[in-house]
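# Structural description and commentary
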Amino acid sequence: MSCGEPHETECSEVLDHLYEFLDHEMPDSDCTKFETHFGECNPCLEKYGLEKAVKKLVKRCCGSDDVPSDLRAKVMGRIDLIRSGQAVPEHDVTADPAAG
């Protein structure tokens, strides 16, 4: 997604790292770049607002539930595959084949 306007930080970079921004998992200098981008780019600001609202809703509805460590590992593995540009298989790549 791109708004078509030139920005110091590209829309694709902002959207690729949006959850890191939302989760406060990036350096302050990058946060500042993202905040500047949101001030210049309405489509990215809208996407940020939507994702922030979804995150808030999930926290309200499921915030007290502990995430099983194996589920977290599976989700993080999928995220790493997607970020690296690898194809994500339809089946569960982390499943134990012996459990079959």
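Basis of the calculations
- Residues numbered from 1 in each chain as written.
- Predicted model: local features only at pLDDT ≥ 70, side-chain atom pairs only at ≥ 80, totals over all residues.
- Heavy atoms only, no water.
- 1 Å grid on protein atoms, 1.4 Å probe; cavity = no way out; pocket = protein on both sides within 12 Å on 5 of 7 lines; lining within 4 Å.
- Points joined across faces, edges and corners; volume = space filled by probe spheres on them.
- Helix = DSSP H or I, 4+ residues; strand = E, 2+ residues; numbered from the N terminus.
- Nonpolar A, V, L, I, M, F, W, Y, C, P; charged D, E, K, R; others polar.
- UniProt positions renumbered as here; feature names shortened; annotations may be inferred.
- Core = buried A, V, L, I, M, F, W, Y, C linked by side-chain atoms within 4.5 Å.
- Buried < 20%, exposed > 50% of the residue type's maximum accessible area, 1.4 Å probe, protein only.
- Polar contact = N/O pair within 3.5 Å; in protein donor to acceptor, adjacent residues only side chain to side chain.
- Contact = heavy atoms within 4.5 Å.

## Here we look at the layout of surface pockets
By volume, the largest pocket is sized at about 890 Å³. In this structure, the largest pocket is lined by 21 residues; those nearest its centre are Asp 23, Lys 55, Arg 72, Val 75 and Met 76. Elements with a minimum of two residues in the lining of the largest pocket: helix H2 (18-22), helix H4 (42-62) and helix H5 (69-84). With 7 residues, the single largest contributor to the lining of the largest pocket is H5. Classifying every residue of the lining of the largest pocket gives 10 nonpolar, 1 polar and 10 charged. As for the second largest pocket, its lining consists of Phe 21, Leu 22, His 24, Glu 35, Tyr 48, Lys 52, Lys 55, Lys 56 and Lys 59. Looking at the lining of the second largest pocket, the elements with two or more residues in it are H2 and H4. Sorting elements by how many residues they give to the lining of the second largest pocket places H4 first, with 5 residues.

## As for the UniProt feature "domain: Putative zinc-finger" (unreviewed entry) in the protein
If you check UniProt for "domain: Putative zinc-finger" (unreviewed entry), the listed places come out as residues 11-44 in our numbering. Here residues 11-44 is 79% helix and 0% strand, with 7 Å between the C-alpha atoms at its ends.

## Some remarks on the nonpolar core
Among the nonpolar cores identified, the biggest contains 12 residues, and these are Cys 11, Val 14, Leu 18, Phe 21, Leu 22, Met 26, Cys 31, Phe 34, Phe 38, Cys 41, Cys 44 and Tyr 48. For this core, the secondary structure elements donating two or more residues are helix H1 (11-16), H2, helix H3 (28-40) and H4.

## Considering the side chain of Glu 20
With respect to the element layout, Glu 20 can be found in helix H2. There is a polar contact of 2.7 Å between the side chain of Glu 20 and the side chain of His 17. Contacts of Glu 20, omitting those with residues within four sequence positions, involve Glu 25, Met 26 and Arg 83.

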